[in-house]
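Descriptive structure summary
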Amino acid sequence: GAVVSQHPSRVICKSGTSVKIECRSLDFQATTMFWYRQFPKQSLMLMATSNEGSKATYEQGVEKDKFLINHASLTLSTLTVTSAHPEDSSFYICSARVQFNQPQHFGDGTRLSIL
Amino acid sequence: LAKTTQPISMDSYEGQEVNITCSHNNIATNDYITWYQQFPSQGPRFIIQGYKTKVTNEVASLFIPADRKSSTLSLPRVSLSDTAVYYCLVGDSYSGAGSYQLTFGKGTKLSVIP
């Protein structure tokens, strides 16, 4: 149980392109979903927290107009990287959990490469 | 904001028990302690979660002393496939200001040697 599916697993695109990443909880309803970014050999950095039906809460330093998050249902959240540039290249990982203080369950990540 | 400190790396031979300790001196009353395993180019995988004393599941044990300022993940009889980065995550206490206090530390890179 507790499976989180993230799609696509890898994206390579030109600078200026917008990229959408989907995160789905397959066998549970997630009241909260999280988006992380991880650079090579570094730890996970929380970008934003999203609760179903409400606006996402962004961490300090994360541009909300660049990283658009939508959490339209209890099983789906999307992250759109708008007008992506090479510095946005990273490993993006989502997670979902049922409720406060329950473990997060992570997707397998999306490797984003901007040329 | 509870920050965690773990050893950067550990080596162990196959078949041995491995204990990884995480320090979290500023843990809040409502905070749980959760451990994750991450392989390269994959998302973290949940291992175990606890609040106090000892928790055991089919893959690991988690020991938490009474003051809760540290925790120890115990992996019995490790194998080569346990080579990974292990993170302890403390928090999830809603800050009240619209964000969650979720901070991953640097993790511990465990290398299992044949």
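Provided above is the structure to which this section pertains.
Within any chain, residue numbers begin from 1 and follow the written order of that chain's sequence. Working convention: letters from A go to chains and numbers from 1 go to ligands, in the order in which they are written. Only residues with pLDDT of 70 or above have their local features reported here, since the model is predicted, and side-chain atom pairs are shown and tallied only from 80 upward, although totals for entire chains, interfaces and linings are computed over all residues. As a convention, hydrogens and water are excluded, and side-chain values are obtained from all of the structure's heavy atoms.

So, about the sheet that holds strand 1 (residues 4-7) of chain A. Residues and elements named next belong to chain A. Ordered by their spatial adjacency, four strands build an open sheet running 1-3-8-7, and the pairing between neighbours is antiparallel. Edge positions in the open sheet fall to strand 1 and strand 7 (67-73), since each of these has one partner strand only. The average undirected angle you get between the axes of adjacent strands in this sheet is 15 degrees. Across five bridges, strand 7 lies against strand 8 (residues 76-81) in antiparallel orientation. Counted as the bridge partner of Leu 68 is Thr 80 from strand 8. At least two DSSP bridges between two strands are needed for those strands to be called paired. A run of H or I in DSSP counts as a helix once it spans at least four residues, and a run of E counts as a strand once it spans at least two, with each numbered from the N terminus. Angles here are taken between N-to-C directions and fall from 0 to 180 degrees, while the axes themselves are lines fitted to C-alpha atoms, restricted in helices to the stretch in contact.

Listed as interface residues are 23 residues of chain B and, on the opposing side, 25 residues of chain A. Two parts lose some accessible area (1.4 Å probe) when they are put together, and adding that loss for both gives the buried area. Across the interface of chain B and chain A, roughly 1800 Å² is buried in total on both sides, 52% from carbon and sulfur atoms. We define a salt bridge as a side-chain nitrogen of Lys or Arg found within 4 Å of a carboxyl oxygen belonging to Asp or Glu. Linking chain B with chain A are zero salt bridges. Here a polar contact means two N or O atoms within 3.5 Å. Within protein one must be a hydrogen donor candidate and the other an acceptor candidate, and residues neighboring in sequence count only if both atoms are side-chain atoms. Scanning the region where chain B abuts chain A turns up five residue pairs in polar contact (both at pLDDT 80 or more). Mapped by element, the contributors of at least two residues to the side of chain B that touches chain A are strand 3 (32-38), strand 4 (45-50), strand 8 (84-94) and strand 9 (100-104) of chain B. A per-element tally of the side of chain B that touches chain A places strand 8 of chain B first, with six residues. Contacts are assigned to residue pairs that have any heavy atoms within 4.5 Å of one another.

The subject of this paragraph is the nonpolar core. Residues belong to one nonpolar core when they are buried, are Ala, Val, Leu, Ile, Met, Phe, Trp, Tyr or Cys, and are joined through side-chain atoms within 4.5 Å. Exposed residues in this analysis have more than 50% of their type's maximum accessible area, buried residues have under 20%, and partly exposed residues fall in between, with area computed by a 1.4 Å probe over protein chains only. With 25 residues, the main nonpolar core has Trp 35, Tyr 58, Phe 67, Ile 69, Leu 79, Tyr 92 and Leu 112 of chain A as its most contacted residues. Put simply, the parts of the chain that give this core at least two residues each are strand 2 (10-13), strand 3 (19-25), strand 4 (32-38), strand 5 (44-51), strand 7, strand 8, strand 9 (90-97) and strand 11 (110-114) of chain A. Those residues in contact with Leu 79 of chain A that lie beyond four places of it in its chain are Val 19, Lys 20, Ile 21, Trp 35, Phe 67, Leu 68, Ile 69 and Tyr 92 of chain A. Judged by nonpolar contacts, the second largest core, of 20 residues, contains Ile 33, Trp 35, Val 78 and Tyr 86 of chain B.

All names here are of chain A. Inspection of the entire model under this criterion finds two salt bridges over all chains. Across the pair Arg 24 and Glu 22 runs a salt bridge, and its minimum N-O distance is 3.5 Å. Residue classification places Arg 24 among the partly exposed residues on the basis of a relative accessible area of 34%. According to the relative accessible area criterion, Glu 22 is partly exposed, its value standing at 26%. Note that Lys 66 and Asp 88 form a salt bridge whose closest N and O atoms lie 3.0 Å from each other.

Here we take up the state of the cysteines. The rule for a disulfide is simple: a pair of cysteine sulfur atoms within 2.5 Å. This model, assessed by the stated rule, comprises two disulfides over all chains. Across the disulfide from Cys 23 of chain A sits Cys 94 of chain A; the S-S distance is 2.0 Å. On the sign convention where negative means left-handed, the S-S torsion of about 80 degrees between Cys 23 of chain A and Cys 94 of chain A marks this disulfide as right-handed. Of the two residues, Cys 23 of chain A sits in strand 3 while Cys 94 of chain A sits in strand 9, which places them 71 residues apart along the sequence. One exposure class covers both Cys 23 of chain A and Cys 94 of chain A, and it is buried. Two residues, Cys 22 of chain B and Cys 88 of chain B, share a disulfide whose sulfurs are 1.8 Å apart. Highlighted residues: Cys 22 of chain B in strand 2 (residues 18-23) and Cys 88 of chain B in strand 8, separated in sequence by 66 residues. The pair Cys 22 of chain B / Cys 88 of chain B is uniform in exposure class, with both members buried. Free cysteine: Cys 13 of chain A, not disulfide-bonded; nearest cysteine sulfur from Cys 94 of chain A at 18 Å.

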